[in-house]
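Examining the three-dimensional arrangement
As a plain string of letters, each chain reads:
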Amino acid sequence: MLFWKMYTVVRRKTCGLQTGCSKADLKDQSTQCGSTQASYQRNERQENFTSYENLLRDYLWDRESTLSWLREEGLIASSRNCTMCGSEMNWVRRGDRSDGYIWECRRQINGKRHRCERSIREGSWFENSNMRIEEVLKFTYWWCQDLNQWQIKQQLGLGSHTAVDWDMFCREVCEVALFDGREKIGGPGKLVQIDESKIGKRKYHRGHVVEGQWVFGGIEEDSRKCFIATVEDRTEETLLNIIKEWIEPGTTIVSDCWKGYVNLSKHGYIHKTVNHSVEFVNEEGLHTNKIEGHWRQMKANLPTHGRKKEHYSSYLAEFKWRYIHRGEDLWKVFLNDIKNIYKFE
């Protein structure tokens, strides 16, 4: 169950443009005088991904079309039953409501007329938010494009607390979606690299003291299938339990020479090691470069300020979610995850 927090939206004047790009987008930009292939790739990407122009034109061009689309997609309830009589409620226009509509029942039973009202947001991703539905959709869109909190806050004119809360809500969706869709990786004939890493340690013992967090993970060599878990220690018992939870028996596991891995072969795995004090690729040509590169990407994508240890699991979930869905339209993936989490009877 996701944790929701009631808050008041504070909007601020902003002169920011309704466009934006992530750090990843900046790296991928190329000029028109470059190769023609790069230009074609950009056009192909624009056709396959929802641009901000598409968002406004196809989904947010007016309130009625937005609500109709949300009902069709199952992002808000398409029908509701009265809690008093059980009859199907009516979708009624209401000018005194911020959403413009409400579910309403005014039927008469046994000579008595009752009035029952239900919010169109009830039980949905939009419930308990003071933002307009269009603003929530824009926030999730910009979040999926990897804009940071400050950029989204400027785009929508929101207060800092609202941006922080919704950033957390989006990460929680990633956590739940990954948990619901979890599956083991590897298997006979598959190769999985494993490793541990610490987040938040001081580099070369310089800088202020940071409370670190150990993470343990694995990644298939020939796919994007992976797992990441926070751990309190790196003992054999702790790591072995996670390996059994996430990696299929019969998998060839490649690791460094950490003592916590010494008995993997006794538990149904083929274990290969790389002694990093001597070499980075062993005599069989095996290495742990992919998982180590995974850690570098993960740390580069973690926020540099305001990190709390209790939020590390959600930061890691966001990183894994973006990693496994790389190349897809993340906004559509995110909406699909919302539909799977917030299901209506």
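Model, not experiment: these values are computed from the prediction.

Below, the discussion takes up the sheet that holds strand β5 (residues 116-118). Within the open sheet, the three strands sit side by side as β1-β2-β5. Their pairing is antiparallel. Both outer strands of the open sheet, β1 (90-93) and β5, are each paired with one neighbouring strand and no more. Here the strands of the sheet are splayed against their neighbours by 40° on average, with no regard to which way each runs. By the bridge criterion, three bridges tie strand β2 (residues 101-105) to β5 in an arrangement that is antiparallel. Bridge pairing in β5 links Glu 104 to Glu 117.

Glancing now at the pattern of salt bridges. Applying the stated rule across the entire model yields 20 salt bridges. The residue Arg 115 makes a salt bridge to Glu 104 at a minimum N-O spacing of 3.8 Å. Linking Arg 115 in the loop between β4 (112-113) and β5 with Glu 104 in strand β2, this pair joins segments that are eleven residues apart in sequence. With a shortest N-O distance of 3.8 Å, Arg 132 and Glu 134 are connected by a salt bridge. Under the relative-accessibility criterion, Glu 134 is labelled buried at 10%. Because the salt bridges share partners, they merge into one network encompassing Arg 94, Asp 96, Arg 97, Glu 104, Arg 106, Arg 115 and Glu 117.

Spatially, β8-β7-β6-β9-β10 is the arrangement adopted by the five strands of the open sheet, whose pairing is mixed. Of all the strands in the sheet, the pair left with one neighbour each is β8 (226-231) and β10 (270-273). Direction aside, the axes of adjacent strands within the sheet are offset by 25° on average. Sheet contacts for helix α8 (residues 236-246): β6 (191-199), β7 (213-220), β8 and β9 (252-255); angle to β8, the most-contacted strand, approximately 150°. Packing of helix α10 (residues 312-324) onto the sheet brings it into contact with β6, β7 and β8, and relative to β8 it is tilted by some 170°.

It is worth spelling out the environment of Ser 277 at this point. Mapped onto the elements of the fold, Ser 277 is located in the loop between β10 and α9 (289-301). Only 2.5 Å separates the side chain of Ser 277 from the side chain of Asn 275, close enough to count as a polar contact.

Of note in this structure, Asn 110 is not a glycine but carries a positive phi near 55°. Examined against the element boundaries, Asn 110 turns out to sit in the loop between β3 (108-109) and β4. For Asn 110, a relative accessible area of 76% gives the class exposed. The phi dihedral of Asn 128 is positive, around 65°, even though this residue is not glycine. By secondary structure assignment, the location of Asn 128 is in the loop between β5 and α5 (133-144).

What follows is about the pairing of β8. With five of six residues buried, β8 lies mostly within the body of the structure. Where β7 folds back onto β8 in an antiparallel hairpin, the turn is made up of five residues.

Aromatic ring pairs are defined here through the distance separating the ring centres and the angle between the ring planes. On inspection of all chains with the given rule, the structure shows 22 aromatic pairs. Arranged with centres 6.3 Å apart and planes meeting at 65°, the rings of Trp 125 and Tyr 342 form a pair that is edge-to-face. Residue Trp 125 is located in the loop between β5 and α5, and its partner Tyr 342 is located in the segment after α11 (330-341); the two are separated by 217 residues in the primary sequence. Judged by its relative accessible area of 2%, Trp 125 falls in the buried class. On the basis of relative accessible area, Tyr 342 is assigned to the buried category, the value being 11%. For the pair Phe 227 and Trp 246, a centre-to-centre distance of 5.5 Å together with 10° between the ring planes defines the contact as stacked. Pair noted here: Phe 227 is in strand β8 and Trp 246 is in helix α8, with a separation of 19 residues, a long-range link.

With that settled, the discussion passes to α5. Compared with the 16 Å implied by 1.5 Å per residue over twelve residues, the 17 Å span of α5 between its first and last C-alpha is a close match. Those residues of α5 lying buried are Ile 133, Glu 134, Glu 135, Val 136, Leu 137, Lys 138, Phe 139, Thr 140, Tyr 141, Trp 142, Trp 143 and Cys 144. Residues of α5 that are buried sit in contact with α3 (52-59), α4 (63-73), α6 (149-156), α7 (160-180), α10 and α11. At the C-terminal side of α5, Asp 146 shows a positive phi close to 75°.

Turning to the confidence of the model for the protein chain, a few remarks are in order. On average, residues of the protein chain score 85 in pLDDT, and 83% of them reach the 70 mark or higher. The model gives residues 3-45 a pLDDT under 50, and that stretch makes 66 contacts with residues more than four places away or in other chains.

We now examine the environment of Phe 126. Residue position: Phe 126 is located in the loop between β5 and α5. Residue classification places Phe 126 among the buried residues on the basis of a relative accessible area of 2%. Separated by ten residues in sequence, Phe 126 and Val 136 place their C-alpha atoms 7.2 Å apart. Among residues more than four places away in sequence, those in contact with Phe 126 are Leu 70, Leu 75, Ile 76, Arg 121, Ile 133, Val 136 and Leu 137.

A word on the side chain of Asp 167. When you line up the elements, Asp 167 lands in helix α7. By relative accessible area, which is 12% here, Asp 167 ends up buried. Setting aside its immediate chain neighbours within four residues, Asp 167 contacts Phe 139, Trp 143 and Gln 149.

Definitions and cut-offs
Residues numbered from 1 in each chain as written. Predicted model: local features only at pLDDT ≥ 70, side-chain atom pairs only at ≥ 80, totals over all residues. Heavy atoms only, no water. Pairing = 2+ DSSP bridges. Helix = DSSP H or I, 4+ residues; strand = E, 2+ residues; numbered from the N terminus. Axes fitted to C-alpha atoms, helices over the stretch in contact; angles between N-to-C directions. Salt bridge = Lys/Arg side-chain N within 4 Å of Asp/Glu carboxyl O. Buried < 20%, exposed > 50% of the residue type's maximum accessible area, 1.4 Å probe, protein only. Contact = heavy atoms within 4.5 Å. Polar contact = N/O pair within 3.5 Å; in protein donor to acceptor, adjacent residues only side chain to side chain. Phe/Tyr/Trp six-rings, centres within 6.5 Å; stacked < 30°, edge-to-face > 60°. Expected span 1.5 Å × (residues − 1). pLDDT = per-residue confidence, 0-100.

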